[in-house]
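Structural characterization, general
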Amino acid sequence: KSQDIMIRNKGSPGLHRIFFLASITLMLRLAHGDLSYSIQEEMKRGSVIGNVAKDLGVDLRTFSSRKARIDFGGSRKRYCDINLATGDVIVSERIDRENICDEKPSCLIKADLVLENPLELHKIIIQIKDFNDNSPQFNDDRIEMEISESAEKGSRFSIDEAHDADIGQNAVQRYSLQKNDNFILSIDSDKVELVLENKLDREKQQDIELVLTAYDGGSPQRSGTVVIHVTVLDANDNAPVFSQDLYKASLPENSPLDTVVIKVSATDADEGVNGQVTYQFGRQSSDDNNIFNIDSKTGEITLRGGIDYEDRSSFEMRVKAKDGLGLTSYSKVRIEVTDVNDNAPVIDLKSLSASIPENVSPGTEVGIINVQDRDSDSNGEIKCHIQQSVPFKLVPSIKNYYSLVTTGQLDREVVSEYNITITATDEGSPPLSSSKSVHLSVADINDNPPVFEEQSYSAYVTENNKPGSSLCSVTARDPDWRQNGTVVYSLLPGEVNGAQVSSYLSVNGDTGVIHAVRSFDYEQWRSFKVQVMARDNGSPPLSSNVSISVFISDVNDNSPQILYPTPEGNSFMTELVPKAAHGGSLVSKVIAVDADSGQNAWLSYYIVKSTDPGLFTIGLHSGEIRTQRDISETDSMKQNLIVAVKDNGQPSLSATCSMHLLISDNLAEVPELKDISYDDKNSKLTWYLIIALVCVSTFFLTFIIIILGVRFCRRRKPRMLFDGAVAIPSAYLPPNYADVDGTGTLRSTYNYDAYLTTGSRTSDFKFVSSYNDNTLPADQTLRKSPSDFADPFDDLDSAEQVGHF
């Protein structure tokens with residue numbers, strides 16, 4: 001049996017975060033035309049990494065003619081190459097993650113993909129994934145330790161930890177100590193220690209051998225072992241003790257050999273041979289062993305080999321102090337290498353057009369230049385410029401890349417070729433520089449188009465401008481003669497915010513002055529771009545275009561808009577303020593916005609009127625209403641505030657709102673909430689309005705009732721109304737009224753006479769039997785001659801029956 005102890009990889013969470021951020025970064029780069037691939041280390045030569053032709057959408061038929069190539073920026077190793085026939089990126093050299101990136105959590109190989117005709121540049125980023133191809137290793141195959149038998153239980157003895165060149169889960173994950181009677185294993189951070197569990201007895205056992213095994217977490221799992229030989233001594237109670245747990249030092253790169261870097265010191269409380277301390281390095285890589293040296297007696301660390309900041313910027317090593325009888329202790333030394341400006345910029349011409357037609361437009365890219373400086377910080381910052389006065393300039397592109405573009409019209413009849421000297425200078429002290437000459441030839445074309453004085457124009461206009469006002473002017477020159485050199489300006493067709501360009505701007509064809517056709521509103525749009533064409537009068541005519549950016553500046557033409565409280569008077573909004581509120585308590589907040597921008601939208605809040613001026617205050621810029629002092633019993637329960645919101649424009653615009661505050665702990669104490677939102681005038685006015693509404697409603701209802709009554713009476717058999725009983729002729733009613741839908745009206749085929757007595761307050765109705773024999777049923781058709789409708793009054797007296805309501 002053995003004791004197994006798992007160690008927690010402290011770097012794992014951070015490592016996952018780094019991988020996550022790296023993945024996001026690579027995705028973002030990919031979205032901008034860069035390519036990202038991920039492969040395992042140690043892939044065979046010729047293995048396919050990815051297909052750049054497919055990923056970039058480049059036709060394979062033109063892939064070879066465009067001279068596609070991968071550039072590693074001056075590196076001596078080419079880890080991959082392109083198969084021009086298929087567009088595949090293939091492995092060309094052994095890729096060992098540990099050799100390329102050492103122990104870095106993220107290992108990336110960066111290169112540039114260059115295409116010509118037209119010139120294109122794309123970043124290729126290859127992420128190298130770790131493969132468990134390294135086993136854990138201890139610094140020594142055998143560790144010798146001498147421990148006094150008087151050592152107390154719990155004493156700790158440090159051991160060099162194992163090292164695995166792999167990272168993450170493939171690094172060392174746990175240790176296992178062979179089962180024994182005296183020691184157990186303790187893992188704390190990156191310390192591996194033997195802990196004395198039972199006291200030693202030299203008479204029983206003078207020598208103890210232990211086997212310590214380190215395991216990684218890879219698949220398949222790998223391990224490494226070390227034998228620990230413990231010699232039990234009679235007396236040696238104290239181990240060496242370093243003065244510091246961590247020593248730090250800095251060293252400039254290119255320092256001369258034997259330079260003293262730092263001195264470590266450890267003391268031992270024992271006397272004589274037992275107290276003599278010697279120093280040596282703990283676990284180190286083979287490369288580190290050749291760089292630094294430690295004096296075993298003095299602890300002085302000196303430079304043994306050359307150091308270069310560009311190759312490695314820091315070193316970390318463990319130093320072991322050992323006394324005369326073998327007790328040891330450990331400390332760390334961290335050495336930071338500082339950069340020195342020892343590398344001049346290197347100019348590399350990635351692509352160049354051999355011949356340039358003289359009619360190329362300004363801004364045409366004719367070459368790609370890469371500039372590298374292996375130094376860091378300001379020592380690695382580079383400025384490039386062209387020494388001569390030529391119609392070319394360098395435009396910064398991707399980091400460390402510059403595009404060589406034309407800045408004016410070329411004319412082979414004037415200059416047929418150019419020798420351009422490009423100079424790159426870093427920002428170090430003293431600065432270093434380098435130069436490179438570029439030869440360009442101009443191909444002859446017998447024409448000269450107009451050339452604008454600037455590559456682009458910007459026009460600035462304030463909103464609410466007058467239509468017809470001038471914004472800016474553009475100018476193009478044509479070196480041709482007479483009508484071939486006469487330039488006419490015009491706006492190129494296009495749309496701005498869904499409308500034609502001509503509805504916004506116009507250009508004077510002779511002078512190039514740009515005029516506004518309409519008034520602009522900053523709140524609707526703030527800027528737009530148009531294209532202006534300059535055309536000569538040659539045959540055939542030639543032309544060139546320029547971009548004009550129109551920027552509309554803001555004018556303070558919008559008042560602040562209050563969102564809370566609602567400024568309309570018909571909104572009832574009341575804030576409840578506790579009686580126990582102290583000074584400085586937040587009561588409410590006024591929220592406002594301004595459609596303008598800049599200082600025109602900077603809002604300030606003021607209380608212009610309040611019931612108690614000393615009780616509340618408002619934040620000048622926050623709009624927060626707070627109490628200035630504690631609420632007292634004498635303060636009025638109802639507090640009304642009028643708040644003004646002003647912007648910072650010139651002239652300033654403002655808006656006001658009312659805030660109703662109620663000092664109470666609960667709503668039960670409030671007599672009537674509606675009284676708060678209305679003053680006495682408003683209450684009286686509301687009462688008058690209610691009375692007027694009731695009167696109008698009553699009159700309207702009365703009028704409706706009268707109308708309905710009249711209509712009802714007319715539908716009955718009419719008689720003349722007078723003092724006594726006068727019949728209303730029934731001819732006013734339809735002769736054969738019938739209800740054919742059964743909705744509850746009179747359905748019989750009879751007509752009735754009604755009599756009213758005008759001198760009585762009661763109503764007397766006479767229900768008379770049918771007097772019209774000619775009334776048709778509802779389902780028949782009326783076919784009576786006028787003579788059939790006899791006067792029904794003749795037989796009225798004999799047929800009437802009286803009913804009293």
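It should be emphasised that the depicted structure is a prediction, and the values quoted were computed from it without experimental measurement.

Rules of the game
Residues numbered from 1 in each chain as written. Predicted model: local features only at pLDDT ≥ 70, side-chain atom pairs only at ≥ 80, totals over all residues. Heavy atoms only, no water. Core = buried A, V, L, I, M, F, W, Y, C linked by side-chain atoms within 4.5 Å. Buried < 20%, exposed > 50% of the residue type's maximum accessible area, 1.4 Å probe, protein only. Helix = DSSP H or I, 4+ residues; strand = E, 2+ residues; numbered from the N terminus. Contact = heavy atoms within 4.5 Å. Phe/Tyr/Trp six-rings, centres within 6.5 Å; stacked < 30°, edge-to-face > 60°. Pairing = 2+ DSSP bridges. Axes fitted to C-alpha atoms, helices over the stretch in contact; angles between N-to-C directions. pLDDT = per-residue confidence, 0-100. Disulfide = S-S within 2.5 Å. Salt bridge = Lys/Arg side-chain N within 4 Å of Asp/Glu carboxyl O.

A word on the nonpolar core
- Ranked by internal contacts, the top residues of the largest apolar core, which has 29 residues, are L505, F520 and F528.
- Those elements that provide at least two residues to this core are strand 34 (456–462), strand 35 (470–473), strand 37 (487–491), strand 40 (505–507), strand 41 (513–516), strand 42 (527–536) and strand 43 (543–553).
- Among all residues touching F520, those that are not within four sequence positions of it are V461, E463, N464, N465, L471, Y504, L505, W525, F528 and I552.

Here we look at the side chain of S549
- Along the polypeptide, S549 turns up in strand 43.
- S549 gets classed as buried once you look at its relative accessible area, which sits at 10%.
- If sequence neighbours within four positions are ignored, S549 has contacts with Y457, S458, A459, F528 and K529.

Some details on the packing of aromatic side chains
- Applying the stated criterion across every chain yields a total of 13 aromatic pairs.
- The interplanar angle of 80° and the centroid separation of 5.1 Å between the aromatic rings of F292 and F315 together place this pair among those described as edge-to-face. Here the residue F292 occupies a position in strand 21 (residues 292–294), and F315 occupies one in strand 23 (residues 314–322), the gap between them amounting to 23 residues. The pair formed by F292 and F315 is uniform in burial state, with each residue classed as buried.

A few points about the sheet that holds strand 10 (residues 156–159)
- Taken in spatial order, the three strands of this open sheet run 10-13-12, and their pairing is antiparallel. If you trace the sheet from one side to the other, it starts and ends with strand 10 and strand 12 (183–188), each paired once. This sheet shows a mean twist of 30° between the axes of neighbouring strands, independent of strand direction.
- Both strand 12 and strand 13 (residues 191–196) contribute to a ladder of six bridges, which runs antiparallel. Note that in strand 13 the partner of F183 across the bridge is L196.

A few points about the confidence of the model for the protein chain
- Looking at the protein chain as a whole, the pLDDT averages 78, with 79% of positions reaching at least 70.
- Taken as a whole, residues 674–678 scores under 50 in pLDDT and shows 12 contacts with residues more than four places along the chain or in a different chain.
- Segment residues 717–805 is flagged for pLDDT under 50; beyond a separation of four residues in sequence, or across chains, it makes 123 contacts in the model.

What to know about the state of the cysteines
- Applying the stated criterion across every chain yields a total of one disulfide.
- Sulfur-sulfur distance for the disulfide between C101 and C107 comes to 2.0 Å. As the torsion about the S-S bond is roughly 70°, the C101-C107 disulfide counts as right-handed. Of the two residues, C101 and C107, both sit in the buried class.

Examining unusual backbone geometry
- Here the bond from Y564 into P565 is cis, since omega is -5°, no more than 30 degrees from zero.
- The omega torsion across Q650 and P651 is 0°, close enough to zero to call that bond cis.
- Summarising the element assignment, P651 is placed in the loop between strand 51 (638–647) and strand 52 (654–663).
- Despite not being glycine, N497 has its phi angle at roughly 55°, a positive value.
- Here N497 shows up in the loop between strand 38 (495–496) and strand 39 (499–500).

Side note on the environment of L492
- Relative to the assigned elements, L492 resides in the loop between strand 37 and strand 38.
- Overall, L492 belongs to the partly exposed group, its relative accessible area being 23%.
- Taking the C-alpha atoms as reference, L492 lies 5.7 Å from V532; in sequence the two are 40 residues apart.
- Setting aside residues up to four positions removed in sequence, L492 forms contacts with V501, Q531, M533 and N545.

Considering the sheet that holds strand 37
- Taken together, the four strands give an open sheet; going across it, the order is 34-43-42-37, and neighbouring strands pair in mixed fashion. Both edges of this open sheet fall to strand 34 and strand 37, since each of them pairs with a single strand only. Averaged over all neighbouring strand pairs, the angle between strand axes comes to 30°, with direction disregarded.
- Pairing of strand 37 with strand 42 involves five bridges; the strand directions are antiparallel. The residue bridging Y489 from the neighbouring strand is A534, located in strand 42.

Re the pattern of salt bridges
- The tally for this structure, following the rule as stated, stands at 21 salt bridges.
- Between R94 and E42 there is a salt bridge, with the nearest N and O atoms lying 2.8 Å from each other. With R94 in the loop between strand 6 (88–91) and helix 4 (97–101) and E42 in the loop between strand 2 (35–40) and strand 3 (48–51), this pair connects stretches of sequence that are 52 residues apart.
- Under the relative-accessibility criterion, R94 is labelled partly exposed at 47%.
- Note on E42: relative accessible area 29%, which makes it partly exposed.
- The partner of K350 in a salt bridge is D348, and the shortest N-O contact between them spans 2.9 Å.
- Its relative accessible area of 7% is what places K350 among the buried residues.
- Relative accessible area serves as the criterion here: at 31%, D348 is assigned to the partly exposed category.
- One continuous salt-bridge network, built from bridges that share partners, spans E42, R94 and D96.

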